[in-house]
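One-letter residues, chain by chain:
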Amino acid sequence: MTEPVIELKGVERHYVQGQRKLTVLSGADFTLSKGEMVALVAPSGAGKSTLLHIAGLLERPDAGDVILRGRACGRLSDDERTAIRRNDIGFVYQFHHLLPEFSALENIVIPQLIRGLGEKEAAARALQLLDYMKIAKRAEHRPAELSGGEQQRVAIARAVANAPLVLFADEPTGNLDPGTAIYVFDALEALVRQSGLAALIATHNHELAARMDRRVTLADGKVIDINGQLPA
Ligand code: ADP
């Protein structure tokens, strides 16, 4: 039996745009199991970011629930959700969102300090992660001094700094040239495989999607498995 890490059950999400009500998610169900790496492939505007934000407890669904290792998160307070996000969820965006005034190392140390780790321990783990992402030589550089691929590798290291249960990534290589995208994805995949994390990764890159364990898309507000041809 595979162990579910995160489950979405009957998730609904609507937006009001002027007079119009836009339904983005409607009865969306999805389960991500331990050690599983799943690609989320759907056209722009289909609701990938919405789904990732709801699963990552950054947004609340209008109905339905998100269950993280058996714990329903929908009705928890904002503080409780923030604590879960900090400890159990890693998030990587298309743009790195690193703190510009801090070094690569500090960007990975800070979330660990917020979690309550000591500085020495946090720095040791940060260096280990940078080394794993093959970017240890850049530890003291600020984000502006790094290339796009390097920035994303630091952002990935930061996302897993607190050893989360699950990693969500919203087009993490979408802003990179094809060669760099593969290189960054290689590092991301190695990290996920080695740590046994569960990961849901939105991507437009079919080559990368093909390397994941499973592919899903969004249709009529629901998450469905892709069998065969990937959508454009
Ligand atoms: P994707 O990530 O697949 O491009 P999104 O989840 O960003 O899709 O958006 C899905 C749909 O919801 C789009 O039509 C978008 O315009 C709309 N949308 C997203 N966020 C909001 C919001 N905060 N307010 C109104 N509409 C939104």
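As shown above, the structure is provided for reference.
So, a few notes on the structure that sits alongside this text. (Residues numbered from 1 in each chain as written. Predicted model: local features only at pLDDT ≥ 70, side-chain atom pairs only at ≥ 80, totals over all residues. Heavy atoms only, no water.)

Next up on the list: the packing of helix H3 (residues 104-115) against helix H4 (residues 119-132). Remark: H3 packs on H4, axes separated minimally by 8 Å, with the N-to-C direction vectors making an angle of 130°. By the angle between their directions, the pair H3 and H4 is classed as oblique. Here H3 and H4 pass one another in a crossing that is right-handed. Each of Leu 105, Ile 108, Val 109, Gln 112 and Leu 113 in H3 lies in contact with H4, whose residues at this interface are Glu 119, Ala 122, Ala 123, Arg 125, Ala 126, Leu 127, Leu 129 and Leu 130. Among the residues forming the contact of H3 with H4, the class breakdown is 10 nonpolar, one polar and two charged. (Axes fitted to C-alpha atoms, helices over the stretch in contact; angles between N-to-C directions. Helix = DSSP H or I, 4+ residues; strand = E, 2+ residues; numbered from the N terminus. Parallel < 35°, antiparallel > 145°, perpendicular 65-115°, else oblique. Left-handed = near helix turned anticlockwise from the far one by under 90°. Contact = heavy atoms within 4.5 Å. Nonpolar A, V, L, I, M, F, W, Y, C, P; charged D, E, K, R; others polar.)

Attention now goes to the sheet that holds strand S2 (residues 20-33). Judged by pairing direction, the sheet is antiparallel, and its four strands sit side by side in the order S2-S1-S4-S5 without closing on themselves. Of all the strands in the sheet, the pair left with one neighbour each is S2 and strand S5 (71-72). With five bridges joining them, strand S1 (residues 4-17) and strand S4 (residues 63-68) adopt antiparallel strand pairing. Residue pairing across strands places Leu 8 opposite Val 66, the latter belonging to S4. Helix H1 (residues 48-55) rests against S1, S2 and S4 of the sheet, and its axis sits at about 125° to S1. (Pairing = 2+ DSSP bridges.)

Moving on: the environment of Ala 159. Tracing the sequence through the fold places Ala 159 in helix H5 (residues 148-159). Classification of Ala 159 as buried rests on a relative accessible area of 10%. Separated by 69 residues in sequence, Ala 159 and Gly 90 have C-alpha atoms that sit 4.4 Å apart. Excluding its chain neighbours within four sequence positions, the residues that come into contact with Ala 159 are Gly 90, Phe 91, Val 92, Pro 164 and Leu 167. (Buried < 20%, exposed > 50% of the residue type's maximum accessible area, 1.4 Å probe, protein only.)

The next point concerns the site of the ligand. The environment of the ligand is made up of Tyr 15, Gln 17, Leu 22, Val 24, Pro 43, Ser 44, Gly 45, Ala 46, Gly 47, Lys 48, Ser 49 and Thr 50. Taking Ala 46, its main chain carries an N or O atom lying 3.2 Å from an oxygen atom of the ligand. A distance of 2.9 Å separates an oxygen atom of the ligand from a polar backbone atom of Lys 48. Protein contact buries 62% of the 560 Å² of open area that the ligand shows by itself. Those elements that place two or more of their residues in the shell around the ligand are S1, S2 and H1. Ranked by residue count, the leading element in the shell around the ligand is H1, at three residues. Among the residues forming the shell around the ligand, the class breakdown is five nonpolar, six polar and one charged. (Near = heavy atom within 4 Å. Polar contact = N/O pair within 3.5 Å; in protein donor to acceptor, adjacent residues only side chain to side chain. Areas by Shrake-Rupley, 256 points an atom, 1.4 Å probe, with all protein chains shown as cover.)

With that out of the way, let us pick up the packing of aromatic side chains. Given two aromatic rings, their pairing is described by the distance between the two centres and the angle made by the two planes. Counted according to the given criterion, the structure contains two aromatic pairs. Look at Phe 91 and Phe 168: their rings are 6.1 Å apart centre to centre, the planes differ by 45°, and that puts the pair in the tilted class. Of the two residues, Phe 91 sits in strand S6 (residues 89-92) while Phe 168 sits in strand S7 (residues 166-170), which places them 77 residues apart along the sequence. As far as the burial class goes, Phe 91 and Phe 168 line up, both buried. (Phe/Tyr/Trp six-rings, centres within 6.5 Å; stacked < 30°, edge-to-face > 60°.)

As a further point, take H5. For H5, spanning 12 residues, the distance from its first C-alpha to its last is 16 Å, which sits close to the expected 16 Å at 1.5 Å a residue. Here H5 lies mainly inside the structure; 11 of its 12 residues are buried. All of the buried residues along H5 are Gly 149, Glu 150, Gln 151, Gln 152, Arg 153, Val 154, Ala 155, Ile 156, Ala 157, Arg 158 and Ala 159. Buried residues belonging to H5 abut S6, H3, H4, S7 and helix H6 (178-195). (Expected span 1.5 Å × (residues − 1).)

Treat this as a map of the structure, not an account of what it does.
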